[in-house]
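Secondary and tertiary structure notes
Letter by letter, the chains look like this.
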Amino acid sequence: PKLLSSDQANYITRRVSLQLLSSILLTRSNYSIMIKYVSSKSNLRTIMMLLRDSSAHITLEAFNVFKIFVANPNKPPEVVRILADNKIKLIKYLSGLHKEREDMDEQFRDEKILVISTLEQMVQLE
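Notes on the structure follow. (Residues numbered from 1 in each chain as written. Predicted model: local features only at pLDDT ≥ 70, side-chain atom pairs only at ≥ 80, totals over all residues. Heavy atoms only, no water.)

**Concerning the pattern of salt bridges**
Taken as a whole and judged by the stated rule, the model has five salt bridges. In this structure, Asp105 and Arg101 form a salt bridge, with 3.1 Å as the shortest nitrogen-oxygen distance. For Glu102, the salt bridge is made with Lys112, and the minimal N-O distance between the two is 2.4 Å. On the criterion of sequence distance, the pair formed by Glu102 in the loop between helix H6 (87–96) and helix H7 (106–120) and Lys112 in helix H7 is long-range, its members being ten residues apart. The two residues Glu102 and Lys112 agree in class, both being buried. (Salt bridge = Lys/Arg side-chain N within 4 Å of Asp/Glu carboxyl O. Helix = DSSP H or I, 4+ residues; strand = E, 2+ residues; numbered from the N terminus. Buried < 20%, exposed > 50% of the residue type's maximum accessible area, 1.4 Å probe, protein only.)

**Considerations on the packing of aromatic side chains**
The tally for this structure, following the rule as stated, stands at two aromatic pairs. Between Tyr37 and Phe69, the aromatic rings sit 5.8 Å apart at their centres with planes inclined by 55°, giving tilted as the arrangement. With a gap of 32 residues between them, Tyr37 in helix H2 (residues 31–37) and Phe69 in helix H4 (residues 56–71) connect regions that are remote in the sequence. Pair check on accessibility: Tyr37 and Phe69 agree, each one buried. One cation-aromatic arrangement involves Arg101 over Phe108; the distance from NZ or CZ to the ring centre is 6.0 Å. (Phe/Tyr/Trp six-rings, centres within 6.5 Å; stacked < 30°, edge-to-face > 60°. Lys NZ or Arg CZ within 6 Å of the ring centre and 35° of its normal.)

**Notes on the layout of surface pockets**
In this structure, the largest pocket encloses a volume near 220 Å³. Around the largest pocket, the lining residues are Met48, Met49, Leu51, Arg52, Asn86, Lys89, Leu90 and Tyr93. Listed by contribution, the elements that provide at least two residues to the lining of the largest pocket are helix H3 (41–51) and H6. Residues that form the lining of the largest pocket fall into these classes: five nonpolar, one polar and two charged. (1 Å grid on protein atoms, 1.4 Å probe; cavity = no way out; pocket = protein on both sides within 12 Å on 5 of 7 lines; lining within 4 Å. Points joined across faces, edges and corners; volume = space filled by probe spheres on them. Nonpolar A, V, L, I, M, F, W, Y, C, P; charged D, E, K, R; others polar.)

**A few points about unusual backbone geometry**
Even without being a glycine, His98 presents a positive backbone phi close to 50°. Inspection of the secondary structure puts His98 in the loop between H6 and H7.

**A closer look at the nonpolar core**
In a soluble, globular protein the nonpolar side chains are often hidden away together inside. If you look at the biggest cluster of nonpolar residues, it comprises 33 residues, and the most contacted ones within it are Ile47, Phe66, Leu83 and Leu119. Those elements that place two or more of their residues in this core are helix H1 (11–25), H2, H3, H4, helix H5 (77–85), H6 and H7. Broken down by element, this core gets its largest block of residues, nine residues, from H4. Setting aside residues up to four positions removed in sequence, Leu83 forms contacts with Leu44, Phe66, Phe69, Val70, Lys75, Leu90, Leu119 and Met122. (Core = buried A, V, L, I, M, F, W, Y, C linked by side-chain atoms within 4.5 Å. Contact = heavy atoms within 4.5 Å.)

**Things to note about H3**
Residues of H3 that are buried: Asn43, Leu44, Thr46, Ile47, Met48, Leu50 and Leu51. In this fold, the buried residues of H3 make contact with H1, H2, H4, H5 and H6.

**With respect to H6**
Here H6 has its buried residues at Leu90, Ile91 and Leu94. Projected down its long axis, H6 carries its buried residues within an arc of 100°, all on one side. Facing away from the buried side of H6, by more than 90 degrees, are the exposed residues Ile88, Lys89 and Lys92. As for H6, its buried residues are in contact with H3, H4, H5 and H7. Just past H6, the residue His98 takes up positive phi, approximately 50°. (Arc of directions from axis to C-beta.)

Shown next, in the form of structure tokens:
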């Protein structure tokens, strides 16, 4: 998380760290690592902060990690709580995220629709 934290890392470090993290988490042989990573509420918070970065490249890479948190069918309660508590803000933000990219990048558009749809279906825990 320190490499991704905006106050402790420069742009290149954050961008390359996010690219590497995404690549590691999406590699099938790293399934157990991915599950452990996306089960952490502090990791989720870090990625959510990076979604709001001023750099379009950082926000795109952060989205590629964020979608894994949302897609995890076995989210721990603390991750569900954070996503559900923030779902309205997340949906609004994600709806406008990289709008210009949707026409030329079908996979991005489809993944974004799926993430938003999954968030819309989330219910808050008591």
